[in-house]
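# Descriptive structure summary
Here's the letter readout for the chains.
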Amino acid sequence: MLRIFRQIALWEAISTICLFFIAMPLKYFAGIPEAVKIAGSIHGFFVVIFVVMLIMSTVEYKWPILKAVKYFLASLVPILGFWVELDLKKEIDGKRQKS
């Protein structure tokens, strides 16, 4: 499940970057509001899946609530979303070494 969550975290971060730095400038500077509708819908989809996966992982792996809150807050900041993906990679690699 962590590998899937890691992928979702990556795509959520990428969709945030696309929304803020591609779609929004297209809307406000080029007059193309459809860019935000499309990118916003895609981003919203990934946010919902991210939150569901975050809750499932927190329960499954008995993470501290503080960790879940950090992941959630990091997902709200465009660049910090990539930190979540990297942190999950470290956790996956740590679980592999233990087994």
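Use the structure listed above.
Definitions and limits used
- Residues numbered from 1 in each chain as written.
- Predicted model: local features only at pLDDT ≥ 70, side-chain atom pairs only at ≥ 80, totals over all residues.
- Heavy atoms only, no water.
- Helix = DSSP H or I, 4+ residues; strand = E, 2+ residues; numbered from the N terminus.
- Buried < 20%, exposed > 50% of the residue type's maximum accessible area, 1.4 Å probe, protein only.
- Areas by Shrake-Rupley, 256 points an atom, 1.4 Å probe, with all protein chains shown as cover.
- Expected span 1.5 Å × (residues − 1).
- Bend = angle between axes of the 7 residues up to and from the residue.
- Contact = heavy atoms within 4.5 Å.
- Axes fitted to C-alpha atoms, helices over the stretch in contact; angles between N-to-C directions.
- Parallel < 35°, antiparallel > 145°, perpendicular 65-115°, else oblique.
- Left-handed = near helix turned anticlockwise from the far one by under 90°.
- Nonpolar A, V, L, I, M, F, W, Y, C, P; charged D, E, K, R; others polar.
- Phe/Tyr/Trp six-rings, centres within 6.5 Å; stacked < 30°, edge-to-face > 60°.

### Some remarks on the overall build of the chain
Along the backbone of the chain there are four helices and zero strands. From first element to last, N terminus to C terminus, the chain shows the α and β order α-α-α-α. Counting only C-alpha atoms and orienting by the principal axes, one finds that the chain spans roughly 55 × 20 × 20 Å. Here the chain holds 99 residues, and the buried ones make up 32% of them. For the chain, the exposed area adds up to about 6,300 Å²; of that, 73% sits on carbon and sulfur atoms.

### Looking at helix H1 (residues 2-30)
With 29 residues, H1 ought to run about 42 Å at 1.5 Å a step, and its terminal C-alpha atoms sit 39 Å apart, in line with that. The sharpest bend along H1 comes to roughly 35 degrees, located at Leu19. Residues of H1 that are buried include every one of Leu2, Phe5, Ile8, Ala9, Glu12, Ala13, Ser15, Thr16, Leu19 and Ala23, and no others. On its buried face, H1 sits against helix H2 (34-60), helix H3 (65-76) and helix H4 (80-98). Where H1 terminates, the next one or two residues include Gly31, which has phi positive at roughly 70 degrees.

### Focus on the packing of H1 against H2
The interhelical angle for the contact between H1 and H2, taken along N-to-C directions, is 155 degrees, at an axis separation of 8 Å. Comparing the axis directions of H1 and H2 gives the class roughly antiparallel. For the pair H1 and H2, the sense of crossing is left-handed. Counted by class, the contact of H1 with H2 contains 19 nonpolar, five polar and two charged residues.

### Focus: the side chain of Thr58
Note on placement: Thr58 falls in helix H2. A relative accessible area of 11% means that Thr58 is categorised as buried.

### Comments concerning the packing of aromatic side chains
Counting across every chain of the model gives eight aromatic pairs. Ring geometry for Phe5 versus Trp63: centroids 6.3 Å apart, planes at 35 degrees, classification tilted. On the criterion of sequence distance, the pair formed by Phe5 in helix H1 and Trp63 in the loop between H2 and H3 is long-range, its members being 58 residues apart. Taking the relative accessible area as the measure of exposure, Phe5 reaches 0% and is therefore buried.

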